[in-house]
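# Fold and contact review
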Amino acid sequence: MMRRIESALLAVFCAVGFMACSACGAGTGGTGPGGTNQGTDKAVGRAGQFFLPTGTPRNTANPRVETDAQGNVHMVYPAYSQGDAYYAWCPANCGSADKVKVVQLKTEGTVDNAMLAVGADGRPQLLLSTYKRVYYASCQSGDCTQASSWSVNPILEHDGQREVSGEAFALTPDGKPRFVMHSYRSVGIGSPTPGTFYVQCDADCARPESWTTNQISGRVWQEITLRFNAQGRPRLTKAEIENYGDYMGYYAQCDGDCTVADGWKVAELHKVFFGFSEAVRMYPTLSLALTSKDTPRVLLLGQVNGARNLIYAECDSECTNDQKWSAQYLLNAGSEGEVLRAGLDLALDGEDRPRIVYTASWNILVGSCDSECTNPDKPSWQLGKVEYSGDMQTDKIIPYSNCTMASWFLHSPSLALGKDGLPRVAYRAQDISGGGGKPEPGTTPCSAGADMTFSRFAQLGSLTAK
């Protein structure tokens, strides 16, 4: 539970100066935690960095970002607690928060995972997963920056028996929504029967009865990235827990009947890292993108003898055959003093060249490669900066008298590319305080933990900015 209550956030924004805020006598449009560049980032090639708006100050969690054919930016980010998510739109040159238009979408129950897909028509569709139900939200007509244009409907009641994890929501080429869900991840007496389910709708998708659900596995496929090729056939990456508690990463595709287990063919990729005792819980993480020829490219956080490895993998034919994949280790745990943390994402530019974002030592970094991206003998990859947590202004108002330190922890990045081929990155920023000495008489002793959490956005002007 976040230690700082919502009603205190506005005072914190104004006092610390994190962002422009109309209620503090600055900013435009009354967009609430919106913002401008902090003044601490002097890197050349940075077009804009700011917290994402919510109208009135509110904690938010992991965001997703996509761009449409015109380069416009679409984002979704859930409220941290008590229900709701926010859809945000920004023009292609999204350099400041005053360009962002935001819509609050109401739900019952906290949204654990907010997923976004943008159709060929440039219109967004969302899937919002809560503990008890799944919501489908769409803007089929009108101005999608207006709440009146949105339809938000619960389409599946599961009462805590199932969940949707990763980027498991996608659209077919003709705009039909699909997602994959799995049994709730728990063990022991009373746990749900393991299973994975393919869920689809072809028309009138605001109605629950328009959706069909089919079980495709008796195992839990989790942290899925779902994509569709030009023929509308699904491809995905997934993680599965193994006999000894480790997780294995897989690629899967279906070219037949996707409502039955036999329709899915699978290739084993690599053991993936997980860390449930980290400051930010780390589920196994994979990301999938398809080239213009519909061949898969995968980025994952791998594990070798307990060490973390950022791994990029490619396949050009017969991709359900493990031996047809080639891979490159990009960054090992501890190299150059960096430790890989929660979150990564992969996108391909107009020439099918991979661009990645990832978390290292609670900083958000970007990587790019133009050729021979799995050749270990070629220095093909270039790394750059999205944002370092140390560049952000630290919190000066801490709710415990003897907490002496506060830092931003950046993680869970989502990546989209603009028409210029440059990254638009959304990620989560958590303000964590700790340390401490002897508390003042009558005050609560310091307890290390998160004080605030916000969704954040950066538009880059370079792939290699430092």
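Now for a description of the structure that goes with this document. (Residues numbered from 1 in each chain as written. Predicted model: local features only at pLDDT ≥ 70, side-chain atom pairs only at ≥ 80, totals over all residues. Heavy atoms only, no water.)

### Quick word on the side chain of glutamine 125
- Position of glutamine 125 relative to the elements: it lies in strand E7 (residues 124–130).
- Judged by its relative accessible area of 8%, glutamine 125 is buried.
- Polar contacts involving the side chain of glutamine 125 include one to the main-chain carbonyl oxygen of glycine 175, which spans 3.2 Å.
- Every residue in contact with glutamine 125, bar those within four places of it in the chain, is listed here: Met115, Leu116, Ala117, Tyr136, Ala137, Ser138, Gln140, Phe169, Leu171, Gly175 and Pro177. (Helix = DSSP H or I, 4+ residues; strand = E, 2+ residues; numbered from the N terminus. Buried < 20%, exposed > 50% of the residue type's maximum accessible area, 1.4 Å probe, protein only. Polar contact = N/O pair within 3.5 Å; in protein donor to acceptor, adjacent residues only side chain to side chain. Contact = heavy atoms within 4.5 Å.)

### Comments concerning the packing of aromatic side chains
- Tallied over the entire structure, the rule returns 18 aromatic pairs.
- With a centroid separation of 5.4 Å and an interplanar angle of 40°, the aromatic rings of phenylalanine 50 and phenylalanine 457 are classed as tilted. Within this pair, whereas phenylalanine 50 is found in strand E1 (residues 46–51), its partner phenylalanine 457 is found in strand E30 (residues 449–460), the two being separated by 407 residues in sequence.
- Relative accessible area serves as the criterion here: at 0%, phenylalanine 457 is assigned to the buried category.
- Geometrically, the ring pair formed by phenylalanine 274 and phenylalanine 276 is tilted, given 5.2 Å between the ring centres and 55° between the ring planes. (Phe/Tyr/Trp six-rings, centres within 6.5 Å; stacked < 30°, edge-to-face > 60°.)

### Quick word on the layout of surface pockets
- The computed volume of the second largest pocket comes to approximately 1400 Å³.
- Lining the second largest pocket are 50 residues, and of these Glu66, Thr67, Val118, Arg227 and Leu290 lie nearest its centre.
- For the lining of the second largest pocket, the secondary-structure elements that each account for two or more residues are strand E2 (64–67), strand E6 (111–118), strand E12 (169–171), strand E16 (222–228), strand E20 (286–290), strand E24 (340–348) and strand E28 (405–417).
- Looking at the lining of the second largest pocket, its residues break down into 24 nonpolar, twelve polar and 14 charged. (1 Å grid on protein atoms, 1.4 Å probe; cavity = no way out; pocket = protein on both sides within 12 Å on 5 of 7 lines; lining within 4 Å. Points joined across faces, edges and corners; volume = space filled by probe spheres on them. Nonpolar A, V, L, I, M, F, W, Y, C, P; charged D, E, K, R; others polar.)

### Points about the nonpolar core
- Counting residues in each nonpolar core, the largest one holds 31 residues, and the members touching the most others are Phe179 and Trp264.
- Those residues in contact with tryptophan 264 that lie beyond four places of it in its chain are Tyr198, Ile216, Trp221, Pro234, Leu236, Ala252, Gln253, Cys254 and Cys258. (Core = buried A, V, L, I, M, F, W, Y, C linked by side-chain atoms within 4.5 Å.)

### Focus on the sheet that holds E7
- Spatial strand order, E6-E7-E8-E9: four strands in an open sheet with antiparallel pairing. Each of the sheet's edge strands pairs with one partner strand only, and the pair in question is E6 and strand E9 (151–157). In this sheet, neighbouring strand axes are inclined to one another by 20° on average, regardless of whether the strands run parallel or antiparallel.
- Relative to strand E8 (residues 133–138), E7 is paired through five bridges, and the arrangement is antiparallel. Across the sheet, residue leucine 127 finds its bridge partner in E8, namely tyrosine 136. (Pairing = 2+ DSSP bridges. Axes fitted to C-alpha atoms, helices over the stretch in contact; angles between N-to-C directions.)

### Brief notes about unusual backbone geometry
- The backbone of aspartate 84 shows a phi angle near 90°, a positive value even though the residue is not glycine.
- One can find aspartate 84 in the loop between strand E3 (73–78) and strand E4 (85–90).
- Its identity as a non-glycine residue notwithstanding, glutamate 318 has a phi of 50°, on the positive side.
- In this fold, glutamate 318 is placed in the loop between strand E22 (307–314) and strand E23 (326–332).

### Quick word on the environment of leucine 236
- Position of leucine 236 relative to the elements: it lies in strand E17 (residues 234–241).
- Placed 17 residues apart in sequence, leucine 236 and glutamine 253 show a C-alpha to C-alpha distance of 6.3 Å.
- Apart from the residues within four sequence positions on either side, leucine 236 is in contact with Val180, Trp221, Ile224, Thr225, Leu226, Tyr250, Tyr251, Ala252, Trp264 and Leu288.

### Here we look at the sheet that holds strand E27 (residues 381–387)
- The four strands are arranged E24-E25-E26-E27 in an open sheet whose pairing can be described as antiparallel. Strand pairing shows two members of the sheet lacking a second neighbour, E24 and E27, which therefore form its edges. Going from strand to strand, the sheet's axes swing by 20° on average, the running direction of each strand aside.
- Bridge count for strand E26 (residues 363–369) against E27 is six bridges, and the pairing is antiparallel. Pairing of serine 368 across the sheet is with glutamine 382, part of E27.

### Examining the environment of alanine 426
- Checked against the element boundaries, alanine 426 lands in strand E29 (residues 423–434).
- Put simply, alanine 426 and glutamate 66 are 360 residues apart on the chain and 9.5 Å apart in space, counted from C-alpha to C-alpha.
- Those residues in contact with alanine 426 that lie beyond four places of it in its chain are Pro63, Val65, Met75, Ser412, Pro413, Ser414, Arg456 and Phe457.

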